[in-house]
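Residue-level listing of the chains:
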Amino acid sequence: MSAIEPLVARAEELAYDLDLAHVRAWKAAAPRRLAIGYLPVWAPRELFWACGALPVAILGGGDRLEIIKGDACFQSYVCHLPRSVVELGLSGRLDALDGMVFPSICDVIRNLSGMWRMLFPKKFARYLDLPQNFDPELGGAFFAGELRRLRDDLIKLGARPPSDDDLRRAVALYDENRKLHDALFALRRAQPWNAPTSEVYVLVRAGAVLPPDEHSELLRAYLAAAEAEPRPPRDNARVAVVGAFCEQPPLDLIKTLEQAGCYVVHDDFVLGARFIKGTIGPLAAGEDPLDGIARAFLEKSMAHASVWTARGGKGDELVETVQRCGAEGVLFASPSFCDPALLDQPMLQRALDRAHVPHTNFKYSENSGQFQGIREQAGTFADAIKLWSEA
Amino acid sequence: MSGPPPSRGTSDPQKEPSMLRQKEMIGAHYHKLATAPETGAKSAYTFVPGNLTELLLSFDVLPVLPEINALQSAMRGKSAEYIAKAEKLGQSEDVCTYVKCDYGMMKSGNVGPTGERLPTPDLLLLSYTGCFTFMKWFELLRQEYGAPTVMLHVPYQGDGVATREMRDYVVKQLKRVVIPALEKTSGRKYDEDKLKEHLARSAKAEEDLVAVFESAKHRPSPIDAYFGGVYYIGPIFSAFRGTQDAIEYYQLLRGEIEERMRLGLGPVTPEGPIERERYRLVVEGPPNWTSFREFWRMFSDEGAVVVNSTYTKVGGVYEDGFRHDPARPLESLAEYCLGCYTNLNLPTRAAKIVKYIRDYSADGFLIHSVKSCDSFSAGQLTILRDVESKCGKPGAFIESDLVDPRYFSASNVKNRLESDLQMIEQQRKAEPASCAP
Ligand code: SF4
Ligand code: SF4
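Quick caveat: nothing in here was measured; it's all calculated off a predicted structure.

Engineer: How do you make sense of the overall build of chain B when you look at a structure like this?
Structural biologist: Per the secondary structure count, chain B includes 18 helices and ten strands. The C-alpha radius of gyration computed for chain B amounts to 21 Å, which stays within 12% of the reference 22 Å derived for 437 residues, consistent with globular compactness. Based on the C-alpha atoms only, the size of chain B along its principal axes is roughly 65 × 50 × 40 Å. Burial status across chain B gives 62% buried among its 437 residues. For chain B, the share of sequence-separated contacts (at least 6 apart) that also reach a separation of at least 24 residues comes to 78%. For chain B, the accessible area works out to roughly 15,300 Å², and carbon and sulfur atoms hold 50% of it.

Given below as C-alpha cells:
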C-alpha cells in the first residue's frame, strides 16, 4: 500500500478539523496548556508556543460548514471568510481556544477583532498591528513593543511566562518547520507530479492545529514517501496561483486546477507558515528573541498585499518568484470582495506584463461548489501556455 | 410615508454667507492647484483621515485630497463614467469606488471639481489612518505618477486606546520620514514656529466647529449634522485646517447657527428650511454622493433631522476635547491621527453612537452602509444590534454606495427610512426608552 495516501488522508482530516478536536486533545494531555487562534496571514507562533500555548490558524469553514448565524453579521458585499469564522465561534467550535489574535491584514479582519470583543466579551481578543515602516528603530521598535505587550497579555491570561530559552527553542522549532516547508515547495517546483498541490495544500494546512514538531514530522514523512514512490509526470502547464492568501479556496477548486492541466508550482495558500522567508534564527547571542522575531519580520517578510511595498517595485517579487519556480503563467485567484487581493491584482498584472508573463484571473468564495467555469478557464489558459511555449 | 403636513418650508434656499465663503475658499484653492505648474507651488496628495495639513502648509505645500475629488466627481455626475473607465483598466467591480473614481478621473485628464486640471503630485503622503485601502490606492498612484511616496503608519486603536507607544511611533515617523520628505519636496527647512502658528489657528477653528455640532442638542436643532454637516466639515477636513480662512469661516458659520438657534429655526436644506422637526436621528456611515440631494430630501420631507453623525468625525474627533496644540506640535498631530473615527475599534464606535443618541436626545438611529468601504461597513450589523440593545431605540440599516450610482436604490432607501420612522412613532406611543450607559 502506498505510504502517501494515509499521510494525505491524515493531513486532510487535520486541515479541516473545524471542531478543533486535535486542539482539545492536545490541551487535555497536560495541565495549563492554552490555545490561541489567529486569523490570516501571519502571527508570532513562536511567542505563543514559548508561552505554552498552541497557535491555531483559523482559516474559515470553507465549503464544509453550514452558515446559520454568520450571514446575519455581514452585508452581501463583504467576503465570506468572516461569516464562517463568526459561525465557528457562535456555534461553539472555537471554545477550545483561550483567545484570538487578529493580525492587521485588511479592514474586515481589523473590524472582526472589535466584533469579537462584542460577541464574545469574556474571551481574550487582540488586534495585532504589523509594522508598515521597516526601519528597525521605528517600525521595528514599535513592533517589538507590540510583541512584548502581547506576551504580557498572554501571561495575564494564564500562559507560562516565557524565558529567553523558551523563546529560542520555539524559534528553532518553527525554523525547522519552515525549512521543511521550503523542502516541500522545492520538491513541488522540481517535480510537481510527485508533490501535487492538492496534497501539498492539506499537508501545509494541517499545521494549523498541530504543534510544530508534530507538523514537522508529518512533512518529513511525506517528503520521504514522495521520494520513495515516484509518480509519472504529465504534460501540464506550470502555473503560479496568487491572491488566495486569506479566504481559502475549496480543496475541490485546487483539484479542479490540476485536472484542468495545471501544475501549481507556486501558491499563496495558508501563507502564515512561510510568510518569513528562510528562518528567523539563528538569533545573535544576547539578542532578545522578541527583537529577533520583529527583525525577521522587517527583513524577511514576503512582499504581500497587506504589507506596504517599501522596497523595490510593486510586483517585482512576484516576477522573481515566477521566474524562480519556472511558472509559465499566473492564475490570479481572489476571494470575491477581497480588497487586498483585488486591489493588488492590476498592479501585479502590470508587472507581469512588463516581464511578458501571461496571466488570467477568476474569483471564488470559500464555499463555492461549482467549478465548471474555472475548469474551462484554467484549461484554456494551460493549453495556451503550452502552445506559446512550443511556439 | 404619509402623515402630517410638510415639515419643510417651500421658500427658495438662501445661500448663507458661510456657504458663499466656503465656495470662494475652495475655488481659490483649486485655482492655486491648477496654476501650480506655472507658479512652481508644490503639492502633496494625501488623505482626509490623519491629514497633516498644518505640517504641509508650514512648508507651503498644497494638499490634494483624492477622496474629496472622488466625492465631488459624484456630486457632479461624473463618477459613473470614471468608475467605468477604471474597471475597463482592470479594477475589480468589488473594490472601493473612491479609488476607482479617482483613478478614472486621473486617466481622463485629472480635471478637478472646479473644471481646472489638478497638478501631478510632487509627493504622495500616505497618512495610513483608519483604512487599509489607502495603502493600495497610493501604491496605484505611485505606479502611475512615479512620485516620491512616504508612508506614515498610524496604529489602529484595536484595544480602544491610543497608547503612548503608538503616539511616540507616529512622532518618530514624522521626524524621521515625513518631515525630511517634505523638506526635500519643498526645498525648505522644517520651521516649527510656523507649524505652531498653524496649529494655534486649527485649535481656534476646532472650537467653533464643536460649538456648531453641539448646537444640535437644542430643540429644534438648527443644523442637520449629517447632510448639512458634510458641508461644515469641508474646510477643516481638507486644505484649510490651520489657516486664517478656516478661522473666519467657522466664526461666520457659528454666528449664523447661533442666530438660527436663537430664532428657534431648524436646518436649511437645498429645498428650503425644515420648519417642523419631527424626528431626531443619529446616522452612522458615509453619505451617498451620487444622489445626495435626493437622499437628504427623503429625510427632510419627513421632518427627520440628523442631530449627530459619525461620518463628520472621519477627519478628526474633537467632541471629547482634543485640540491641535501648538505647545506639543508633533505629539498633537500624532494624537490627532490616532483619534480619527475610522481608527477607533468597533466597541468604541458603538459606544459613541449610544452616547450621541443619549446626549442629543435622538429618537432613533440609522446606519448607512456603503458597499465600497470595509473600514466603515464590516461589522456594522453588530453595531446595529449593540446600539439597539443598549438604547432600545429603533435602528434602520440602509445599503448603497458612496460614488457608484449603480448601488443607490431610492425606493429601498425610502422604504427602510420610513419603517424606521414608523417604529419611532410606535415607540413614542409606548414607554419612552433611555440609553444604558
Ligand atoms: S478575504 Fe480578503 S477582505 Fe476578506 S478577510 Fe481576508 S484579506 Fe480581508
Ligand atoms: S475603503 Fe472607505 S475609508 Fe477607505 S478609501 Fe474607500 S471609502 Fe475611504
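Engineer: Explain the sheet that holds strand β4 (residues 149-153) of chain B here, please?
Structural biologist: Either a parallel or an antiparallel arrangement is found when strands of a sheet pair, and the pairing is made through backbone hydrogen bonds. Residues and elements named next belong to chain B. Taken in spatial order, the four strands of this open sheet run β2-β1-β3-β4, and their pairing is parallel. The outermost strands of the open sheet, each flanked by one partner alone, are β2 (61-64) and β4. Averaged over all pairs of adjacent strands, the angle between strand axes in this sheet comes to 25°, irrespective of strand direction. Summarising the sheet, strand β1 (residues 42-45) and β2 pair through four bridges and their orientation is parallel. Each residue of the ladder has a partner; that of Ser-43, found in β2, is Leu-62.

Engineer: Where do I start with the packing of helix α9 (residues 192-214) of chain B against helix α14 (residues 329-339) of chain B in this structure?
Structural biologist: The relative placement of two packed helices is expressed as an angle between their axes plus a distance between the axes. Residue and element names in this part refer to chain B. For the pair α9 and α14, the least separation of the axes is 10 Å and the interaxial angle reads 50°. When the axis of α9 is compared with that of α14, the two are oblique. You can see that α9 and α14 cross each other, and the crossing is left-handed. Taken together, the residues of α14 that come into contact with α9 (itself represented by Glu-192, Leu-195, Lys-196 and Leu-199) are Pro-329, Leu-330 and Leu-333.

Engineer: What is the right way to read the site of ligand 1 from this model?
Structural biologist: The environment of ligand 1 is formed by Cys-79, Leu-81, Ile-105, Cys-106, Val-108, Ile-109, Cys-246, Glu-247, Phe-337, Cys-338 and Pro-340 of chain A. The class makeup of the residues in the shell around ligand 1 is ten nonpolar, no polar and one charged.

Engineer: Got a minute to help me understand the packing of aromatic side chains in this structure?
Structural biologist: Given two aromatic rings, one states the distance between the centres and the angle between the planes to describe the pair. Under the criterion given, the structure shown has 35 aromatic pairs over all chains. Ring geometry for Phe-143 of chain A and Phe-297 of chain A: centres 5.4 Å apart, planes at 55°, overall tilted. Of this pair, Phe-143 of chain A sits in helix α6 (residues 136-156) while Phe-297 of chain A is found in helix α11 (residues 289-300), placing the two residues 154 residues apart along the sequence. The class of Phe-297 of chain A is buried, set by a relative accessible area of 0%. Pairing Phe-47 of chain B with Phe-138 of chain B gives two aromatic rings, centres 4.5 Å apart and planes at 40°, and the pair type is tilted. One end of the pair, Phe-47 of chain B, is in the loop between β1 and α3 (53-58); the other, Phe-138 of chain B, is in helix α7 (residues 133-145), and 91 residues separate them in sequence. No difference in accessibility class separates Phe-47 of chain B from Phe-138 of chain B, as the two residues are buried. Directly above the aromatic system of Tyr-336 of chain B lies the positively charged group of Arg-241 of chain B, at a separation of 4.3 Å from the ring centroid. Over the face of the ring belonging to Phe-213 of chain B we find Lys-313 of chain B, whose NZ or CZ atom lies 5.7 Å from the ring centre.

Engineer: So what exactly am I meant to see when it comes to empty space enclosed by the protein here?
Structural biologist: Over the atoms a probe the size of a water molecule is rolled, and this reveals where empty space is left. On inspection of all chains with the given rule, the structure shows eight cavities of 30 Å³ or more. Taken as a whole, the largest cavity spans an internal volume of roughly 210 Å³. Tyr-38, Arg-45, Ala-57, Val-270 and Ala-273 of chain A are the residues nearest the centre of the largest cavity, which is lined by 24 residues in total. Of all the secondary-structure elements, those providing two or more residues to the lining of the largest cavity are β2 (53-57), α7 (164-190), α8 (197-206) and α9 (212-228) of chain A. It is α7 of chain A that contributes the most residues to the lining of the largest cavity, three residues altogether. Grouping the constituent residues of the lining of the largest cavity by class yields 17 nonpolar, five polar and two charged. Here the second largest cavity defines a volume of roughly 170 Å³. Considering the residues around the second largest cavity, the lining is formed by 18 residues, among which Ser-104, Asp-107, Arg-110 and Tyr-127 of chain A together with Tyr-128 of chain B are closest to the centre.

Engineer: Sorry if this is basic, but what is going on with the interface of chain A and chain B here?
Structural biologist: Contacts between chain A and chain B engage 47 residues on the former and 60 residues on the latter. Carbon and sulfur atoms supply 56% of the area buried between chain A and chain B, which totals about 4,600 Å² over both sides. The three residues of chain A that bury the most area against chain B are Tyr-77, Met-118 and Trp-308 of chain A, which together make up 16% of that side's buried surface. Our count for the chain A to chain B interface comes out at eight salt bridges. Note that Arg-176 of chain B and Glu-137 of chain A form a salt bridge whose closest N and O atoms lie 2.7 Å from each other. Seen at the junction of chain A and chain B, the total is 31 residue pairs in polar contact (both at pLDDT 80 or more). Mapped by element, the contributors of at least two residues to the side of chain A that touches chain B are α5 (107-119), β4 (124-128), α6 and α13 (339-354) of chain A. Per-element accounting of the side of chain A that touches chain B gives the leading share, nine residues, to α5 of chain A. In the side of chain A that touches chain B, the residues fall into 26 nonpolar, nine polar and twelve charged.

Basis of the calculations
Here the residue numbers are simple positions, counted from 1 along each chain's written sequence. Ligands are numbered from 1 and chains lettered from A, in the order in which they are written. Where local features are concerned, this predicted model is filtered to residues with pLDDT of at least 70; where side-chain atom pairs are given and counted, the filter is 80 or more; whole-chain, interface and lining totals use all residues. To obtain the side-chain values, all non-hydrogen atoms of the structure were included, while hydrogens and water were left out. Each helix corresponds to a stretch of at least 4 residues labelled H or I by DSSP, and each strand to a stretch of at least 2 residues labelled E; elements are numbered beginning at the N terminus. Radius of gyration: over C-alpha atoms. The globule rule applied is 2.2 Å multiplied by the number of residues raised to the 0.38 power. Buried, partly exposed and exposed residues are distinguished by accessible area as a fraction of the type maximum, computed with a 1.4 Å probe on protein chains only: under 20%, between the cut-offs, and over 50%, respectively. Here, residues are in contact when the closest pair of their heavy atoms is within 4.5 Å. Areas reported as accessible are Shrake-Rupley estimates using a 1.4 Å probe. Residue values count occlusion only from the protein chains shown. Paired strands are those between which DSSP finds at least two bridges. Here the axes come from fitting lines to C-alpha atoms, over the contacting stretch only for helices, and the angles between their N-to-C directions go from 0 to 180 degrees. Each angle is binned into one of four classes, with values under 35 degrees roughly parallel, values over 145 roughly antiparallel, values of 65 to 115 roughly perpendicular, and all other values oblique. Here is the rule for handedness: rotate from the far helix to the near one, and if that takes an anticlockwise turn smaller than a right angle the crossing is left-handed, while a clockwise turn gives right-handed. Throughout, near means a residue has at least one heavy atom within 4 Å of the molecule or strand. All amino acids are sorted into three groups, where Ala, Val, Leu, Ile, Met, Phe, Trp, Tyr, Cys and Pro are nonpolar, Asp, Glu, Lys and Arg are charged, and the leftover types, Gly among them, are polar. Geometry of aromatic contacts follows a simple scheme: Phe, Tyr and Trp rings, the Trp one being its six-membered ring, pair when their centres are within 6.5 Å, and the pair is stacked under 30 degrees between planes, edge-to-face over 60, tilted otherwise. Definition used: whenever NZ (Lys) or CZ (Arg) falls within 6 Å of the ring centre and also within 35 degrees of the ring normal, the charge is taken to sit over that ring. Here a cavity means grid points, on a 1 Å grid over the protein atoms only, where a 1.4 Å probe fits yet cannot get out; a pocket means an open set of points with protein on both sides within 12 Å along at least five of seven lines; lining residues are those with an atom within 4 Å of a point. Grid points are joined across faces, edges and corners, and a volume is the space filled by probe spheres set on the points. Buried area: the accessible area, evaluated with a 1.4 Å probe, that two parts lose upon being put together, summed over both parts. Salt bridge, as used here: a side-chain nitrogen of Lys or Arg that lies within 4 Å of a carboxyl oxygen of Asp or Glu. By the criterion applied in these results, polar contacts are pairs of N or O atoms within 3.5 Å in which, for protein atoms, one can donate a hydrogen and the other can accept it, and in which residues neighboring in sequence qualify only through two side-chain atoms.

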